[in-house]
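Working through the structure, step by step
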Amino acid sequence: MTAPTTARGPAATPGGWLRRYRPVDDATVRLVCFPHAGGSASAYLRFAAALAPAGVEVLAVQYPGRQDRRGEPFLETVEELVEAVLPELRQWTHGPFALFGHSLGATLAFETARRLTAVGRPPAHLFLSGRRAPVVPRTDTAYLLDDRSLVERVTRLQGTDPALLQDEELLRMVLPAIRNDYAMAGAYRYRPGPPLTMPTTVLTGDADPNVTPDDAGRWAEVVGGTFTLRVLPGGHFFLNDHTAGISSLIEEELADAH
C-alpha cells in the first residue's frame, strides 16, 4: 500500500480520497483526519509532520471540489460523503486506526465511525474537535448569506488567512466550497442509534463562538466508551495554536492502539 511522495505534492491513495503528507510505512496506527467546512486535506499537514516520528501516519481526507480535486462536483450531504469515502477508507484500516475531525469534519468522523462500527471495524479512538454534539439543537443557515456576509462570517472565525479572503480571484475559488459545506452542515440531522463504544476525546476552544464547553460535553450522550473533554484556550480554530500539544495528546491516547 506504499505510495511515494513526489516533489509535486503529497502522495494520494489510489481512489483519490486520502492524502499521505508523511507516509509511515511501518505505522503502528493510522489517524484519518476530516477537515472543517471549506477546508482541505492540507489543514492537517502540520499534524502529519508532528505525528510521523511517533509512528502515527496521518491520512487526510480530501473532499471533492477543492485543491487538486477542484474539477470534481461537490457532495451535498454528510451521508453522501461518508458513503463515498468508505470504500477507499476500508483499504487503509485493516490495522489499528483512529478518526479525527474538526468542525464539520467532526460530524463526518462521527458518522464514519458509526458506519465502520456497524460492519465490525470500529476505530480504536475517536477525536471530535470544534463541534457541538449532534443532540444539541442547532440552525445552520450561513450558506444562505450573500457573498460579503459569508466572507465576514468566515473571517470572524479566524481560520482562514485574511489575505486570501481579500483576493478576489482566490475568493472565487474557495467560496463555493465554503458555501457547499455550510449547506451540508445545515442539512445534517442526527439519527439516534447505539452508542459508540470506543474511547472518545472531544476538544473545544474556550472562546469558540459556535461551541460552548457544555455543547461539546454533550457528545458523551452519543458515545458509550471512555469519554474525555479537553477545553483549550482559543476560538473556533484553536487547533492552529496548539499543534504540538494536541499532537502529544493524540500520541498519548493512541499509545495502546497497536
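To keep things clear, this report deals only with the structure shown in the data block. Keep in mind that what you see is a predicted model, and the values were worked out from it rather than measured.

Moving on to the overall build of the chain. For the chain, the count of helices and strands is eight helices and eight strands. Look at the contacts in the chain between residues 6 or more apart in sequence, and 77% of them connect residues 24 or more apart. Total accessible area computed for the chain in this model is approximately 11800 Å², and 51% of it derives from carbon and sulfur atoms.

A separate point is the side chain of Asn180. Inspection of the secondary structure puts Asn180 in helix α6 (residues 168-187). Those residues in contact with Asn180, other than ones at most four positions away along the chain, are Phe74, Leu75 and Glu76.

Under the 1.5 Å per step criterion, the end-to-end length of helix α3 (residues 104-118) is 22 Å for 15 residues, consistent within 8% with the ideal 21 Å. Within α3, twelve of the 15 residues are buried, leaving the element largely enclosed by the surrounding structure. What α3 keeps buried is the set Leu104, Gly105, Ala106, Thr107, Leu108, Ala109, Phe110, Glu111, Thr112, Ala113, Arg114 and Leu116. Phi turns positive one or two residues past the end of α3, at Gly120, with a value near 80°.

In the structure shown here, the tally under the stated rule is nine salt bridges. A salt bridge links Glu72 to Arg69; the nearest nitrogen and oxygen atoms lie 2.7 Å apart. Linking Arg114 and Glu111 is a salt bridge whose minimum nitrogen-to-oxygen distance equals 3.1 Å. Of this pair, Arg114 and Glu111 both sit in helix α3, three residues apart, which is roughly one turn of the helix. Arg114 gets classed as buried once you look at its relative accessible area, which sits at 17%. Looking at Glu111, the relative accessible area reads 14%, which means it is buried. Each member of the salt-bridge network shares a partner with another, and the members are Arg20, Asp25, Arg30 and Glu57.

Attention now moves to the nonpolar core. Among the nonpolar cores identified, the biggest contains 45 residues, and Phe34, Val61, Leu99, Leu108, Phe110, Leu126 and Leu128 are the most heavily contacted of them. Among the secondary structure elements, those contributing two or more residues to this core are β3 (29-34), β4 (56-61), α2 (78-90), β5 (97-102), α3, β6 (125-129), α4 (147-157) and α6. Here this core gets seven residues from one element, more than from any other, and that element is α3. Ignoring sequence-local partners within four residues, the contact set of Phe110 consists of Leu126, Leu128, Pro134, Tyr188, Tyr190, Leu196, Trp219 and Val222.

Burial of β4 is extensive: six of the six residues sit out of reach of the surface. Burial of β4 is two-sided: the residues Val56, Val58 and Ala60 facing one way and the residues Glu57, Leu59 and Val61 facing the other way are all buried. Sheet analysis places strand β2 (residues 18-20) next to β4, joined by two bridges and oriented antiparallel. Counted as the bridge partner of Arg19 is Ala60 from β4. The handedness of the β3 to β4 crossover, carried by helix α1 (residues 45-51), is right-handed.

Here we come to helix α8 (residues 243-253). Side chains of residues three or four places apart in an α-helix project in the same direction, reflecting 3.6 residues per turn. For α8, the set of buried residues is Thr243, Ile246, Ser247, Leu249 and Ile250. End-on view of α8: buried residues confined to an arc of 160°, all on one side of the axis. Away from the buried face of α8 by more than 90 degrees, exposed residues Ala244 and Glu252 are located. Tucked inside the fold, the buried residues of α8 contact β3, α1, β5, β6, β7 (200-205) and β8 (227-232).

With that out of the way, let us pick up the sheet that holds β2. Read from one edge of the open sheet, eight strands run β1-β2-β4-β3-β5-β6-β7-β8, paired in mixed fashion. If you trace the sheet from one side to the other, it starts and ends with β1 (11-12) and β8, each paired once. Across five bridges, β3 lies against β5 in parallel orientation. When the sheet's bridge partners are listed, Cys33 is paired in β5 with Phe100. Along the sheet face, α3 touches β3, β5 and β6 and points at about 150° away from the line of β5. Running at roughly 170° to β7, α8 makes contact with β3, β5, β6, β7 and β8 of the sheet.

Turning to unusual backbone geometry, a few remarks are in order. Phi angles above zero are rare outside glycine, and Gln67 is one such case at about 50°. Position of Gln67 among the secondary structure elements: in the loop between β4 and α2. Here Gln67 falls in the partly exposed class, since its relative accessible area comes to 37%. Backbone geometry at Ser103 places phi at a positive 60°, although glycine is not the residue there. Structurally, Ser103 is set in the loop between β5 and α3. By relative accessible area, Ser103 is classed as buried at 8%.

Thresholds, definitions, all that
Residues numbered from 1 in each chain as written. Predicted model: local features only at pLDDT ≥ 70, side-chain atom pairs only at ≥ 80, totals over all residues. Heavy atoms only, no water. Helix = DSSP H or I, 4+ residues; strand = E, 2+ residues; numbered from the N terminus. Contact = heavy atoms within 4.5 Å. Areas by Shrake-Rupley, 256 points an atom, 1.4 Å probe, with all protein chains shown as cover. Expected span 1.5 Å × (residues − 1). Buried < 20%, exposed > 50% of the residue type's maximum accessible area, 1.4 Å probe, protein only. Salt bridge = Lys/Arg side-chain N within 4 Å of Asp/Glu carboxyl O. Core = buried A, V, L, I, M, F, W, Y, C linked by side-chain atoms within 4.5 Å. Pairing = 2+ DSSP bridges. Right-handed = clockwise from strand over helix to strand, strands pointing away. Arc of directions from axis to C-beta. Axes fitted to C-alpha atoms, helices over the stretch in contact; angles between N-to-C directions.

Remember that the coordinates give geometry; whether it matters functionally is a separate question.
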